[in-house]
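Listed here are the chains, written in short residue letters.
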There are 2 protein chains.
Amino acid sequence: MCPHVLIPFKPVNPKTRLSCVLSKEEREAFARTMLEDVVSAVRDANCTPVVVGTELYDSEDVQITVPDTDLNTTLNALLPDSVAPILILMADLPLADSGVIKLIFATDKDVALVPGRGGGTNAIFIKDPKRFHVDYYGTSFLKHKKIAENEGLSCEVIDSFRLFTDIDEKEDLVELLIHGSGKSRAYLVELGFALTSEKGRVGVERRQ
Amino acid sequence: MCPHVLIPFKPVNPKTRLSCVLSKEEREAFARTMLEDVVSAVRDANCTPVVVGTELYDSEDVQITVPDTDLNTTLNALLPDSVAPILILMADLPLADSGVIKLIFATDKDVALVPGRGGGTNAIFIKDPKRFHVDYYGTSFLKHKKIAENEGLSCEVIDSFRLFTDIDEKEDLVELLIHGSGKSRAYLVELGFALTSEKGRVGVERRQ
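All figures in this text were calculated on a predicted structure; none of them were measured in a lab.

Trainee: What exactly am I supposed to notice about the overall build of chain A here?
Mentor: Along its length, chain A carries seven helices and nine strands. Computed over its C-alpha atoms, the radius of gyration of chain A comes to 17 Å, within 12% of the 17 Å expected for a compact globule of 208 residues. Buried residues in chain A amount to 41% of all 208 residues. Look at the contacts in chain A between residues 6 or more apart in sequence, and 63% of them connect residues 24 or more apart.

Trainee: For this particular structure, what's the right way to read the pairing of strand S6 (residues 121-126) of chain A?
Mentor: Walk down a regular strand and you will see the side chains alternate between the two sheet faces. Residues and elements named next belong to chain A. Burial of S6 is extensive: six of the six residues sit out of reach of the surface. Across four bridges, the pairing between strand S4 (residues 86-89) and S6 is antiparallel. Looking at S6, one finds that Leu 87 is bridged to Phe 125. One ladder, built from five bridges, connects strand S5 (residues 111-115) with S6; its direction is antiparallel. Residue pairing for S6: Val 111 is matched across the bridge by Ile 126.

Trainee: Is there a simple way to explain the confidence of the model for chain A in this structure?
Mentor: Caution is warranted with low-pLDDT regions, since their predicted coordinates should not be read in detail. Within chain A, residue pLDDT values average 94, and 99% of them lie at 70 or more. This complex was scored by the predictor with a pTM of 0.95 and an ipTM of 0.94.

Trainee: Would you take a moment to explain the relation of the copies chain A and chain B for this structure?
Mentor: One copy of the chain maps onto the second through a rotation about an axis and a displacement along it. For the pair chain A and chain B, the superposition axis carries a translation of 0.0 Å, the fit reaches an RMSD of 0.0 Å, and the rotation angle comes to 180 degrees. What the superposition gives is, in effect, a two-fold axis relating one chain to the other.

Trainee: Is there a simple way to explain the packing of helix H1 (residues 24-44) of chain A against helix H7 (residues 183-190) of chain A in this structure?
Mentor: Helix-helix packing is characterised by the crossing angle of the two axes and by the distance between the axes. All names here are of chain A. Close contact between H1 and H7 brings their axes to 7 Å; oriented N to C, the two are set at 150 degrees. Comparing their axes, H7 and H1 come out roughly antiparallel. From H1, Ala 29, Phe 30, Thr 33, Met 34, Glu 36 and Asp 37 reach across to H7, where they touch Lys 183, Ser 184 and Tyr 187. A class-by-class count of the residues in the contact of H1 with H7 yields four nonpolar, two polar and three charged.

Trainee: What should I look at first to understand the nonpolar core in this one?
Mentor: The tendency in soluble globular proteins is for nonpolar side chains to be buried side by side. Counting residues in hydrophobic clusters, the biggest one holds 110 residues, and the most contacted among them are A:Ile7, A:Val38, A:Ala123, B:Ile7, B:Val38 and B:Ala123. Beyond its immediate sequence surroundings of up to four residues, B:Val38 is in contact with B:Ile7, B:Leu89, B:Ala91, B:Leu93, B:Pro94 and B:Ala96.

Trainee: What is the right way to look at the interface of chain A and chain B in this model?
Mentor: A common way to state how big an interface is: give the accessible area lost once the parts meet. The interface is formed by 23 residues belonging to chain A together with 23 residues belonging to chain B. Secondary-structure elements contributing two or more residues to the side of chain A that touches chain B are helix H3 (98-105), helix H4 (140-150), helix H5 (161-164), helix H6 (172-179), strand S8 (193-198) and strand S9 (201-206) of chain A. For the side of chain A that touches chain B, the class distribution of residues is 11 nonpolar, nine polar and three charged.

Trainee: Got a minute to help me understand unusual backbone geometry in this structure?
Mentor: A negative phi angle characterises most non-glycine residues, just as the trans form characterises most peptide bonds. Even without glycine at this site, A:Lys15 takes up a positive phi of about 55 degrees. Residue placement: A:Lys15 occurs in the loop between strand S1 (4-9) and H1. If you check the backbone angles, B:Asn13 has positive phi at about 50 degrees while not being a glycine. By the element assignment, B:Asn13 lies in the loop between strand S1 (4-9) and helix H1 (24-44). Residue B:Asn13 is classed as exposed on the basis of its C-beta count, with 11 C-beta atoms lying within 10 Å.

Trainee: Would you take a moment to explain the sheet that holds strand S6 (residues 121-126) of chain B for this structure?
Mentor: Where strands meet in a sheet, backbone hydrogen bonds hold them as pairs that are either parallel or antiparallel. Residue and element names in this part refer to chain B. An order of S3-S2-S1-S4-S6-S5-S7 is seen for the seven strands of this open sheet, with the pairing classed as mixed. At either end of the open sheet lies a strand with only one pairing partner, and these are strand S3 (62-65) and strand S7 (155-157). Pairs of neighbouring strands in the sheet enclose a mean axial angle of 20 degrees, with direction left out of account. Pairing analysis gives three bridges linking strand S5 (residues 111-115) to S7, with the strands arranged parallel. The residue bridging Ala 112 from the neighbouring strand is Glu 156, located in S7. Sheet strands in contact with helix H4 (residues 140-150) are S5, S6 and S7, and its direction is about 170 degrees off that of S5.

Trainee: For this particular structure, what's the right way to read the packing of helix H6 (residues 172-179) of chain B against helix H7 (residues 183-190) of chain B?
Mentor: Residues and elements named next belong to chain B. Remark: H6 packs on H7, axes separated minimally by 9 Å, with the N-to-C direction vectors making an angle of 110 degrees. Judged by the angle between their axes, H6 and H7 are roughly perpendicular. In contact with Leu 173, Leu 176 and Leu 177 of H6, H7 contributes Ser 184, Arg 185 and Leu 188. Among the residues making up the contact of H6 with H7, the classes are represented as four nonpolar, one polar and one charged.

Trainee: Is there a simple way to think about the sheet that holds S1(A) in this case?
Mentor: Residue and element names in this part refer to chain A. Taken in spatial order, the seven strands of this open sheet run S3-S2-S1-S4-S6-S5-S7, and their pairing is mixed. Two strands lie at the open edges of the sheet, namely strand S3 (62-65) and strand S7 (155-157), each paired on one side alone. If you compare each strand with its neighbour and ignore which way they point, the axes differ by 20 degrees on average. Strand contacts of H4: S5, S6 and S7, with the helix running at about 170 degrees to S5, the strand carrying the most contacts.

Trainee: Any chance you could explain H4(A) here in plain terms?
Mentor: Note: α-helices contain 3.6 residues per turn, so residues at a spacing of three or four share the same orientation. All of the buried residues in H4(A) are A:Ser140, A:Phe141, A:His144, A:Ile147 and A:Ala148. Projected down its long axis, H4(A) shows its buried positions confined to an angular sector of 120 degrees, all on one face. Those residues of H4(A) that are exposed and aimed more than 90 degrees away from the buried face are A:Lys146, A:Glu149 and A:Asn150. Packing partners of the buried residues in H4(A) comprise S5, S6 and S7 of chain A together with H6 of chain B. Within two residues after H4(A), A:Gly152 carries a phi angle of roughly 70 degrees, on the positive side.

Basis of the calculations
Residues numbered from 1 in each chain as written. Chains lettered and ligands numbered in written order. Predicted model: local features only at pLDDT ≥ 70, side-chain atom pairs only at ≥ 80, totals over all residues. Helix = DSSP H or I, 4+ residues; strand = E, 2+ residues; numbered from the N terminus. Rg over C-alpha atoms; globule rule 2.2 N^0.38 Å. Buried ≥ 20, exposed ≤ 12 C-beta atoms within 10 Å, placed from the backbone. Contact = placed C-beta atoms within 7 Å. Pairing = 2+ DSSP bridges. pLDDT = per-residue confidence, 0-100. Least-squares fit on C-alpha atoms with pLDDT ≥ 70 in both. Axes fitted to C-alpha atoms, helices over the stretch in contact; angles between N-to-C directions. Parallel < 35°, antiparallel > 145°, perpendicular 65-115°, else oblique. Nonpolar A, V, L, I, M, F, W, Y, C, P; charged D, E, K, R; others polar. Core = buried A, V, L, I, M, F, W, Y, C linked by C-beta atoms within 7 Å. Arc of directions from axis to C-beta.

Okay, structure coming up:
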């Protein structure tokens, strides 16, 4: 059986570093389409997505509603109650596909970590969640490696640019336009986003 | 038998976008250590590295010396003469490891492409080099996909953050400090580079 996949999601005023190119309403719609792409990849891997947010949103997905917006507090309250393996997957990974999710589950280690750009951790797979706790923000990848080590848990680092690429800033939209195929890419195109090339560097612009 | 791996290398005044933190001599030494890390990963995968440069450099690696510094001209002159499969691998990928190189060779497609950040192509594996030509710069990843398609060649996109991460700019050094384990990381540490964290964002600074 495929483990449950916890997907933390912030529906209100998300992705503020995209404010230079998207309004608050557009950022909320964009975050939602990215979540839908992630949920779709999880379903394609025959797993059950569980969206963890501070409020319910309109969908048929399984949802857990939590009072706290702090990722660490929220997840560390859930982990000790988990009797089955869990994958924690970020909601801003629209390049996720079923291949890499299956690759994570195939690990023969106790824990699998998928790094995100800039020291982040974009996915954590924990076979025995009671023995692990999360510590996001900053160089969380190094912190999570240390936590596994301190707990005596073996750890695999999964090599994936699809999960390495979280969408936070304008330049990240280049990756989504080039490598994406889901709803969030379609939404960007609908808004007029297109690739640009200047002096050999590839960028993105919003055409009116 | 493992295919030959062509590694284009620019020994003189390389990596100019790192000029803000490294002198010309340091950039040349750093580029050389990155090349050594790539060569080492290729050897670990039981393959033969062939360094393609405009001048010989001091090493026991197999080398091809070419008159032209243009990547496309250089490689497209070599490909038609190749009777065996070839992997073209960039020299600024110090996170490369034998695992991903073996994964590339295991493809059942005619061509395997490994994207680089910002639309680049950091590795191309071609089973029948006579039927392919390269077109680097700009969104080369999309161009290479199109070239394969036009030639009727099946194509796999390899999912790897290790090969996605070419080292061009100061912020890329963060990835090398976090995920690297070879000579180029050691060289950075020797020069005084260390991770910083400000407002939750991870960066890099050079301490004197």
